[in-house]
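Notes for the structure review
Residues per chain are reported as follows:
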2 protein chains.
Amino acid sequence: MTRLQLDMVILNAAELLTLAGASHTPKLGKEMNELGIIEDGGVAIRGNQIVAVDTTKNIKRLVKPGSHPQIIDATNKTVLPGLIDPHAHLAFAGSREREFVQRLQGATYMEILEAGGGINVTVKATHKARRSTLVRLSQQILNRMLEYGTTTVEGKSGYGLDPKHEYKQLLAIRDLNLIHPIDVVPTFMGAHVVPPKYKYCSEEYVKLVMEKMIPTVAKKGLAEFCDVFAEQDVFTIDQARRILNQGKKYGLIPKVHADEMTTLGGAELAAEVGAISADHLLKVSNKGIQALAKAQIVAVLLPATAFVLMEKEYAPARKLIDAGVPIALATDFNPNCMTESMQLVMTLACLNMRMTPAEAISAATINAAHAINRTHIVGSLEPNKQADILVVDAPNHAYIPYHFGVNLVNTVIKSGKIAFSC
Amino acid sequence: MTRLQLDMVILNAAELLTLAGASHTPKLGKEMNELGIIEDGGVAIRGNQIVAVDTTKNIKRLVKPGSHPQIIDATNKTVLPGLIDPHAHLAFAGSREREFVQRLQGATYMEILEAGGGINVTVKATHKARRSTLVRLSQQILNRMLEYGTTTVEGKSGYGLDPKHEYKQLLAIRDLNLIHPIDVVPTFMGAHVVPPKYKYCSEEYVKLVMEKMIPTVAKKGLAEFCDVFAEQDVFTIDQARRILNQGKKYGLIPKVHADEMTTLGGAELAAEVGAISADHLLKVSNKGIQALAKAQIVAVLLPATAFVLMEKEYAPARKLIDAGVPIALATDFNPNCMTESMQLVMTLACLNMRMTPAEAISAATINAAHAINRTHIVGSLEPNKQADILVVDAPNHAYIPYHFGVNLVNTVIKSGKIAFSC
């Protein structure tokens, strides 16, 4: 046996969840319940990489005599991959608690919008803010995400809605990547909503997105993905199709805000354009589900949004899983859904979508990595992957969504270094 | 103006929520929306007491020249009374995440109980545990409660179900009070469930509670309140009445687990015996609501329990408020409802019971103090009250339930000392 010079070892985990073996294709159906559990498990780390994942006994044997790796004792704790949040809106300014109160009192989305509230409030505040202000505000969000166990997050623009301010958001996201331990994966979402001045000529805005913004975003390397909100009174399926195909032409992988409020066919469009994910899906049709299953597109479900918008029906997680659609979970962090906690999202997935704790964990790790094209680096505990690892104050994996509304994270290891410890 | 020797001053609060003026009678109806807000507010503290609550300018004027109180800068933050959690079960052992999974898969309470799960699992684990173990386990819970802003909590026994182990729980709660900054208010709840061996002779257990446990608990000064679970297949209204009246005879103030799963008349019983609170109330009748309103009994609502048990209907908060029943909120922390966070409870109260943020805050502070007879000490920021104060990372009070699932507490001041700071 080769003894290794290691920098860190994690030992004695009551349950070590490897999530191994699903880096090429996402977990489907019953596979989502298989976490690759090692009891009394350990991890060996060198530099920023995982070197071995095994029982504590075998990990101890790997240590070269005389070397002194940092030891993380995970006795009575669960060890799992850093959580991945594959759908979040970042680098915006302002908050909208006033609307939260209006919604509680029965105001609809449209009433709030017409009363001068809604997304335009955030767009105005984001326009006014300097890039450095957006960075500072998002840093606070990323700090909290990290404390609650998220080690990779997707960040969407979409509060600029003109070339200058969309680029400003994406540049702020680039800055965040440089200064913050969390990896932020950028998505261009100029087609988040039709700006008020294009209300009666949305095609002009679509043209601006396609002909000006997408080429520039691609040229400057500001984003990996291109996302569109396909929704009644927002962008039509046809507009979304053209935007996403234009994105593809410029190397931006499609994502779709699909079938959230109405059954518009966003899921089918995601399949048609070969999107990497279809997100929301509260109103997805059976045909849409079949299309996602056939094309093996990851359904990113966002139960915190349904929760905070007081939706009666959540996305049909069980139906999607039964149909063979791979599921991921995300926060949908945005001014309408202010939570950084993937832990709460997992609890909501269990209670309000009837996912099992194991399914929720698969959906928040390896399947979430699939939704943002990061399975070669993160999402599971396997040799040669980045050492993004959580030690959680839970005696087993089912305990994680069971003990809710608080932070169970004991230690966050990001790229081989302790990034948070309680 | 008298200048004072102060130990601590809080300055520059964007909103300071005093909750003043409701220490004699709880907040009712529209009063629940009145938080006694001081903009640019401050608090002056000497020893463990509040000396003054005013604008920052006036608080600064109080400081005696040459004295150097500790300064807490609350710029852009909200300052409010420490949260009070008036319904929690404490000093038990074991966890029940297995049941959580069974419930997700559709098992009913009764099916879980019959399969050897449910409360009896906790009773067995609590019997086995030493008092010192119960203290250690509860300390971890109280630590988290404190971090999330709770400065006073009620703690119920009810997992002993025999004299020896009920006393052990209450003694553990007494120990916790001595060693932990949080004030724990003890409630005897021997009548939590009928132990299996009394299944066909519940009257014998009622007799044990009434003739042995209550007198001993009272004599030893182990509790202030006596609580009963009045429910179909648990304790009848008649049994509950006799137990609560016996408690009263021995100086224990009645509380009732009322109308949670069935409309049994628990609210009416609470009014009849002059209980200090009626708790749960998911199935309270109109007659029950009228009885609570007339007797001005605090309704302690527990939305986290409804959430985790996936109830379709929560307690009718709006109906209760409209009828003039004072509302308090609590976690119901117990092995079935594992959350320490009164912040999440407030968010749930808003989203799932349509309370306003201001109502939720009244319900988690001054009205919660009424539910456990502590308004002379805590529940509002007023001169001569104990300095239990939160500084929260929120620019205004509505932001507190809006930004959910994480901990917004910046600083917890308990009895005039910083007990937690992030």
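Quick notes on the rules
Residues numbered from 1 in each chain as written. Chains lettered and ligands numbered in written order. Predicted model: local features only at pLDDT ≥ 70, side-chain atom pairs only at ≥ 80, totals over all residues. Heavy atoms only, no water. Helix = DSSP H or I, 4+ residues; strand = E, 2+ residues; numbered from the N terminus. Buried < 20%, exposed > 50% of the residue type's maximum accessible area, 1.4 Å probe, protein only. Domains from an automatic or database assignment. Contact = heavy atoms within 4.5 Å. Buried area = accessible area lost by both parts, 1.4 Å probe. Salt bridge = Lys/Arg side-chain N within 4 Å of Asp/Glu carboxyl O. Polar contact = N/O pair within 3.5 Å; in protein donor to acceptor, adjacent residues only side chain to side chain. Nonpolar A, V, L, I, M, F, W, Y, C, P; charged D, E, K, R; others polar. Pairing = 2+ DSSP bridges. Least-squares fit on C-alpha atoms with pLDDT ≥ 70 in both. Axes fitted to C-alpha atoms, helices over the stretch in contact; angles between N-to-C directions. Disulfide = S-S within 2.5 Å.

Remarks on unusual backbone geometry
All names here are of chain A.
- Even without a glycine there, the phi angle at Asn373 is positive, about 60°.
- Relative to the assigned elements, Asn373 resides in the loop between helix 15 (366–371) and strand 14 (389–392).
- Residue classification places Asn373 among the partly exposed positions, given a relative accessible area of 36%.

Considerations on the domain arrangement of chain A
Residues and elements named next belong to chain A.
- According to the domain assignment, chain A consists of domain 1 (8–81 + 380–421) and domain 2 (84–370).
- Here the C-alpha centroids of domain 1 and domain 2 sit 29 Å apart.
- Domain 1 puts 37 residues into the contact, and the matching count from domain 2 is 33 residues.
- Approximately 2600 Å² of surface area, both sides summed, lies buried where domain 1 meets domain 2, with 68% of it carried by carbon and sulfur atoms.
- There are one salt bridge connecting domain 1 and domain 2.
- Linking Lys414 and Asp183 is a salt bridge whose minimum nitrogen-to-oxygen distance equals 2.7 Å.
- Remark: the boundary between domain 1 and domain 2 carries 11 residue pairs in polar contact (both at pLDDT 80 or more).
- The set of elements that each furnish at least two residues to the side of domain 1 that touches domain 2 consists of strand 5 (78–81), helix 16 (399–402), strand 15 (409–414) and strand 16 (417–421).
- For the side of domain 1 that touches domain 2, the element with the most residues is strand 15, which contributes four residues.
- Taken together, the residues of the side of domain 1 that touches domain 2 break down into 21 nonpolar, 10 polar and six charged.

What about the pairing of strand 16 of chain A?
All names here are of chain A.
- Sheet analysis places strand 15 next to strand 16, joined by four bridges and oriented antiparallel. Each residue of the ladder has a partner; that of Thr411, found in strand 16, is Ser421.
- Hairpin remark: strand 15 followed by strand 16, antiparallel, with two residues in the connecting loop; positive phi at Ser415, about 50°.

A look at the relation of the copies chain A and chain B
- Least-squares fitting of chain A to chain B yields an RMSD of 0.0 Å, with the transformation described by 0.0 Å of translation along the axis and a rotation of 180°. Taken together, the rotation angle and the small translation identify this as a two-fold axis. When C-alpha positions in chain A are compared against the rotation axis, the closest is assigned to Gly405 of chain A, at 2.6 Å.
- Take the interface residues of chain A: 100% of them recur as interface residues in chain B, which is what a same-surface contact looks like.

Description of the side chain of Thr122 of chain A
All names here are of chain A.
- Along the chain, Thr122 turns up in helix 4 (residues 119–128).
- Classification of Thr122 by relative accessible area gives buried; the value is 1%.
- A distance of 2.7 Å separates the side chain of Thr122 from the side chain of Arg96, its partner in a polar contact.
- Other than its neighbours up to four places away in sequence, Thr122 contacts Phe92, Ala93, Arg96, Tyr159 and Pro335.

Remarks on the interface of chain A and chain B
- At the junction of the two partners, chain A supplies 44 residues and chain B supplies 44 residues.
- For the pairing of chain A and chain B, the buried interface totals around 3800 Å² over both sides, and the portion due to carbon and sulfur atoms is 66%.
- In this structure, the connection of chain A to chain B is made through two salt bridges.
- Put simply, Asp393 of chain B and Arg144 of chain A hold a salt bridge, and the shortest N to O gap is 3.8 Å.
- Connecting chain A to chain B are 19 residue pairs in polar contact (both at pLDDT 80 or more).
- Elements represented by at least two residues in the side of chain A that touches chain B include exactly helix 2 (97–104), helix 11 (303–308), helix 13 (342–353) and helix 16 of chain A.
- Among the elements that take part in the side of chain A that touches chain B, helix 13 of chain A stands out by supplying six residues, more than any other.
- For the side of chain A that touches chain B, the class distribution of residues is 25 nonpolar, 12 polar and seven charged.

Things to note about the sheet that holds strand 11 (residues 277–280) of chain B
Residues and elements named next belong to chain B.
- Reading across the sheet, the eight strands line up as 6-7-8-9-10-11-12-13 and stay open at both edges, with parallel pairing between neighbours. With partners counted over all chains shown, the strands left at the sheet margins are strand 6 (83–85) and strand 13 (327–329), one partner each. Neighbour-to-neighbour, the strand axes of the sheet open up by a mean angle of 25°, direction not taken into account.
- Judged from the three bridges that link them, strand 6 and strand 7 (residues 150–156) form a sheet pairing that is parallel. Across the sheet, the residue bridging to Asp85 is Val153, located in strand 7.
- Lying on the sheet, helix 13 (residues 342–353) is in contact with strand 6, strand 7, strand 12 (298–301) and strand 13; it crosses strand 13 at an angle near 130°.

Some remarks on the state of the cysteines
- Across all of its chains, the model carries zero disulfides over all chains by this definition.
- We note that Cys422 of chain A lacks a disulfide partner, and the nearest cysteine sulfur, in Cys422 of chain B, lies 14 Å from it.
- Given the relative accessible area of 68%, Cys422 of chain A is considered exposed.
- Cys350 of chain B forms no disulfide, and the closest cysteine sulfur to it belongs to Cys337 of chain A, at a distance of 15 Å.
- By relative accessible area, Cys350 of chain B is classed as buried at 0%.

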